[in-house]
Structure formats: C-alpha cells, structure tokens
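A closer look at the structure
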Amino acid sequence: MSDNAKLPTHRVYTLIPRKGDNGEEDKFWLNIGSAFAHSDGKGFNLVLDALPLDNKLVLRELKEPEPEPPKKSSSRK
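Below or above, wherever it landed, is the structure these notes cover. The structure presented is a predicted model; accordingly, all values stated were derived computationally and were not measured.

**Some points on unusual backbone geometry**
Within the chain, Asn55 stands out as a residue other than glycine whose phi angle is a positive 65°. Looking at the element boundaries, Asn55 is found in the loop between strand S3 (44–48) and strand S4 (58–61). Here Asn55 falls in the exposed class, since its relative accessible area comes to 71%.

Spelled out as structure tokens, the structure:
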C-alpha cells in the first residue's frame, strides 16, 4: 500500500438549510468526514465525525491533498 492510498480522496458533507444574507434559504456544506478509496477503485471507506440529521451524505473529490496531521508527542511536561 502506498502512502497516497492512506490519504482521503473525498470529503463527506451534509447540507444544512440556512437563511442567507438576502433572507432566502440557502444550504451550508458541513464537512462531517472523509472517504478513502479502495485500492481496487471500486469502493470507499467512510470515516464520519458526525451523522447527518436528514440521512443524506454528499461525497466530493478533494481538490488538493490533505495536509499531514500533527504528530502527537509522547513526552509529558
């Protein structure tokens, strides 16, 4: 497995209705997780940080690679 295979390929969103500045209803795209493509290209693993209230998920391809998360230090002060 290459290092790129460990990075998410898509973001997972849910759309939340909100009133826009003009008073009309608009949709806010709330990022609720990441999707990782299977190595065979036929599926995804989804890692969700929250669940949508309306049971709908939107997957969008990442435009840029994700930055590496900060490494946790094992030393205590």
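**Some points on the sheet that holds strand S2 (residues 25–37)**
Read from one edge to the other, the open sheet built from four strands follows the order S3-S2-S1-S4, with strand pairing classed as antiparallel. Bordering the open sheet on either side are S3 and S4, each of which pairs with just one other strand. Ignoring strand direction, the axes of neighbouring strands in this sheet form an average angle of 45°. The pairing of strand S1 (residues 10–19) with S4 spans four bridges and is classified as antiparallel. Bridging across to S4, Tyr13 finds its partner in Val58.

So, how was this worked out
Residues numbered from 1 in each chain as written. Predicted model: local features only at pLDDT ≥ 70, side-chain atom pairs only at ≥ 80, totals over all residues. Heavy atoms only, no water. Helix = DSSP H or I, 4+ residues; strand = E, 2+ residues; numbered from the N terminus. Buried < 20%, exposed > 50% of the residue type's maximum accessible area, 1.4 Å probe, protein only. Pairing = 2+ DSSP bridges. Axes fitted to C-alpha atoms, helices over the stretch in contact; angles between N-to-C directions.

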